[in-house]
Amino acid sequence: MTLPDIPILSTAIAIVISWALYALFCSYILEAWVQIKADRGRFMKNYMYQQLMDNVNGINWADGIYSHGTIDLLSRDPKKPSNDISPKLFAETLIEVVGSSHLVQSGIVSFKGPPTAYQSPLLRSFKYATLILNTSDVISLFRQGMNSAEVKASKDINGNINEAEIHNYLVGYFENWFTEFTQRLTLWYKKKTRETLFYLGTIVAIFINVDSLQLFDFYNNSPTAVAGVTRFYKANPNWGSDTVSNTQLNLLASTLDSLVKETKLPVGFQHSVFKDKTFQQHVKSNWWLGALKFLGILISGFAASFGAPFWFDLLKKATSKP
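Computed from a prediction, not measured in an experiment: that's the story for all the values here.

Asks: Where do I start with the overall build of the protein chain in this structure?
Replies: A tally of regular secondary structure across the protein chain gives 15 helices and two strands. The C-alpha extent of the protein chain, read off along each of the three principal axes, is 85 × 50 × 30 Å. A burial count over the protein chain gives 41% of its 322 residues as buried. Considering only intrachain contacts with a sequence separation of at least 6, the fraction spanning at least 24 residues in the protein chain is 72%. Accessible surface for the protein chain amounts to roughly 18,200 Å². Of this, 58% is attributable to carbon and sulfur atoms. Here the protein chain contributes 30 positively and 25 negatively charged side chains, and the mean placements of these two sets differ by 7 Å.

Asks: What is the right way to read the packing of aromatic side chains from this model?
Replies: To describe a pair of aromatic rings, you give the distance between the ring centres and the angle between the ring planes. Counted by the stated rule, this structure contains 22 aromatic pairs. Taken together, a centroid distance of 5.9 Å and an interplanar angle of 55° make the contact between Phe126 and Phe142 tilted. Residue Phe126 is found in helix 7 (residues 121–132), and its partner Phe142 is found in helix 8 (residues 137–152); the two are separated by 16 residues along the sequence. As far as burial versus exposure is concerned, Phe126 and Phe142 are alike and both buried. Both rings, one in Phe198 and one in Tyr199, keep their centres 5.5 Å apart while their planes meet at 65°; by these two values the pair is edge-to-face. By relative accessible area, which is 54% here, Tyr199 ends up exposed. An aromatic cluster is built from Trp19, Phe302, Phe306, Phe310 and Trp311, whose rings are joined through pairwise contacts. One Lys or Arg, Lys45, reaches over the ring of Tyr66 and ends 5.3 Å from the middle of that ring.

Asks: Got a minute to help me understand the nonpolar core in this structure?
Replies: Side chains of a nonpolar character, in soluble globular proteins, are inclined to be buried together. Among the nonpolar cores identified, the biggest contains 79 residues, and Leu52, Trp61, Phe90, Phe142, Phe174 and Tyr219 are the most heavily contacted of them. Counting residues per element, this core draws most heavily on helix 1 (residues 7–37), at 16 residues. Ignoring sequence-local partners within four residues, the contact set of Leu52 consists of Ile59, Asn60, Trp61, Ala62, Ile65, Phe90, Val138 and Trp177.

Asks: Mind showing me how you'd approach a nonpolar patch on the surface here?
Replies: A cluster of nonpolar side chains, namely Leu213, Trp287, Trp288, Leu289, Leu292 and Leu295, defines an oily patch on the protein surface of about 590 Å² accessible area. Top contributing element to the nonpolar patch by residue count: helix 14 (residues 287–305), with five residues. Of note, Leu292 is situated in helix 14. Classification of Leu292 as partly exposed rests on a relative accessible area of 31%.

Asks: What's the story with the packing of helix 10 (residues 212–220) against helix 14 in this structure? I'm lost.
Replies: Relative orientation and spacing of two packed helices are given, respectively, by the angle between their axes and the distance between those axes. One way to put it is that helix 10 packs onto helix 14 with a least axis distance of 6 Å and a crossing angle of 95°. Classified by the angle between their axes, helix 10 and helix 14 sit roughly perpendicular to one another. Of the residues in helix 14, those in contact with Ser212, Leu213 and Gln214 of helix 10 are Leu292, Lys293, Leu295, Gly296, Ile299 and Ser300. Classifying every residue of the contact of helix 10 with helix 14 gives four nonpolar, four polar and one charged.

Asks: Explanation requested: unusual backbone geometry in the structure shown.
Replies: The phi angle of most residues is negative, glycine excepted, and most peptide bonds adopt the trans form. With a phi close to 55°, Ala38 is a non-glycine residue in the positive phi region. The topology assignment puts Ala38 in the loop between helix 1 and helix 2 (39–51). Given a relative accessible area of 18%, Ala38 falls into the buried group. Even without being a glycine, Asn209 presents a positive backbone phi close to 60°. Along the chain, Asn209 falls in the loop between helix 9 (163–208) and helix 10. By relative accessible area, which is 2% here, Asn209 ends up buried.

Here is what the cut-offs are and how they apply
Residues numbered from 1 in each chain as written. Predicted model: local features only at pLDDT ≥ 70, side-chain atom pairs only at ≥ 80, totals over all residues. Heavy atoms only, no water. Helix = DSSP H or I, 4+ residues; strand = E, 2+ residues; numbered from the N terminus. Buried < 20%, exposed > 50% of the residue type's maximum accessible area, 1.4 Å probe, protein only. Contact = heavy atoms within 4.5 Å. Areas by Shrake-Rupley, 256 points an atom, 1.4 Å probe, with all protein chains shown as cover. Lys, Arg positive; Asp, Glu negative; His and termini not counted. Charge placed at Lys NZ, Arg CZ, Asp CG, Glu CD. Phe/Tyr/Trp six-rings, centres within 6.5 Å; stacked < 30°, edge-to-face > 60°. Lys NZ or Arg CZ within 6 Å of the ring centre and 35° of its normal. Core = buried A, V, L, I, M, F, W, Y, C linked by side-chain atoms within 4.5 Å. Patch = residues over 30% accessible without salt bridge, like charges linked within 9 Å, V, L, I, M, F, W, Y side chains within 5 Å. Salt bridge = Lys/Arg side-chain N within 4 Å of Asp/Glu carboxyl O. Axes fitted to C-alpha atoms, helices over the stretch in contact; angles between N-to-C directions. Parallel < 35°, antiparallel > 145°, perpendicular 65-115°, else oblique. Nonpolar A, V, L, I, M, F, W, Y, C, P; charged D, E, K, R; others polar.

Structure, rendered in structure tokens:
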């Protein structure tokens, strides 16, 4: 006898399958919305503006980066910024934006320190930026990058530093910074996505009656429904493996609707609290029923927040043979 053959465990597996499919459905809805609104690009731009805000010097370097042609051309709509910025493109754009800024170019004219010896206008302007601008967290980052590049670059027998190497090291320094930034950004975005999925899952569950407590009771008293849901999972083991599209969302909605009709699951708008007159009457006389309904819906929202991959991985481990 395997674990799925034990009645209580087969019921639990049916619940997990339901959570996996529901999480997938909510993820598809969210992903479709994210693509329409370019939410990932907006998220990156927002944090970039926070990271590169230089209050001491009264400038936001991210503004120059996003208005620069090489970055601006990545998106046709300024309200939908691209999140597909390569580390090298970011680094090269940042160096050019800083050096060519009006703040730096006007400061060079009145700079009373020793002139820089760089022949490259790009390096010369960026070096001046590290000398002219007031100290801040962002300027400290620029100075560290420049100092690191100068230390690493080689010199010829006359003591002249290799400017090509300085440029490459400087680009590499900011590439590493951007890579680390995007890694942190990915973690922040995942946290945001989980929160959004929880709220979305809860709201959708209210409208289509995805009540986990009610589902558990239903499965516990309906072996036929358990068998039908389990059979559906075994016949469709690869749901959620690809990125979302409108076709996939429509296909999933149609397939789940067929599954609900086949197993007679108490799911759908016709079963929601807005349509179920009997439930509404019972709640008026027994508030506890409403509290249980709310708890069951919250559990479904919580399950959706974990995402479909989590539940499908759990299913694979639970149903795989030792």
